Amino acid sequence: MNGYGTPLPAAFYDRDAAAAARDLLGAVVRHETHGGMVSDRIVETEAYLGPHDPVSHAAVGPRESPPPCPPT
């Protein structure tokens, strides 16, 4: 990643959501754009704990997607 660190492996996220969210705090996200490198530090996270977490979308189950907006 151009000497800026290594991306997190997929296995990083394959664990308890609250633990992953805690470990993301303070991490730096970097992205190369046409205008150059942009980066920011993660200072806040949220963890949704699946179907037993009442604020998680997983608790509600699948929903129909709204129809796409017509072009303007």
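Residues numbered from 1 in each chain as written. Predicted model: local features only at pLDDT ≥ 70, side-chain atom pairs only at ≥ 80, totals over all residues. Heavy atoms only, no water.

A.B. asks: What's the story with the pairing of strand β1 (residues 28–33) in this structure? I'm lost.
C.D. replies: The side chains of a regular strand alternate, first on one face of the sheet and then on the other. Relative to strand β2 (residues 36–41), β1 is paired through 6 bridges, and the arrangement is antiparallel. Among the inter-strand pairings, Thr33 is bridged to a residue of β2, identified as Gly36. The hairpin formed by β1 and β2 contains 2 residues between the paired strands. (Pairing = 2+ DSSP bridges. Helix = DSSP H or I, 4+ residues; strand = E, 2+ residues; numbered from the N terminus.)

A.B. asks: Would you explain the pattern of salt bridges in this entry?
C.D. replies: Counted under the stated rule, the structure contains 1 salt bridge. When the shortest N-O distance is used, the salt bridge between Arg15 and Asp23 registers 2.9 Å. The class for Arg15 is partly exposed, based on a relative accessible area of 33%. Using a relative accessible area of 46% as the deciding quantity, one classes Asp23 as partly exposed. (Salt bridge = Lys/Arg side-chain N within 4 Å of Asp/Glu carboxyl O. Buried < 20%, exposed > 50% of the residue type's maximum accessible area, 1.4 Å probe, protein only.)

A.B. asks: Quick question: what am I supposed to make of the environment of Gly61 here?
C.D. replies: By the element assignment, Gly61 lies in the segment after α2 (57–60). Note on Gly61: relative accessible area 25%, which makes it partly exposed.

A.B. asks: How should the packing of aromatic side chains be read in this particular structure?
C.D. replies: Two numbers describe a pair of aromatic rings. These are the distance of the centres and the angle of the planes. In the structure shown here, the tally under the stated rule is 1 aromatic pair. Here Phe12 and Tyr13 contribute two aromatic rings whose centre-to-centre distance is 5.0 Å and whose plane-to-plane angle is 80 degrees, an arrangement assigned as edge-to-face. Under the relative-accessibility criterion, Phe12 is labelled buried at 15%. Stacked on the ring of Phe12, the Lys or Arg Arg15 has its end atom at 4.4 Å from the ring centre. (Phe/Tyr/Trp six-rings, centres within 6.5 Å; stacked < 30°, edge-to-face > 60°. Lys NZ or Arg CZ within 6 Å of the ring centre and 35° of its normal.)

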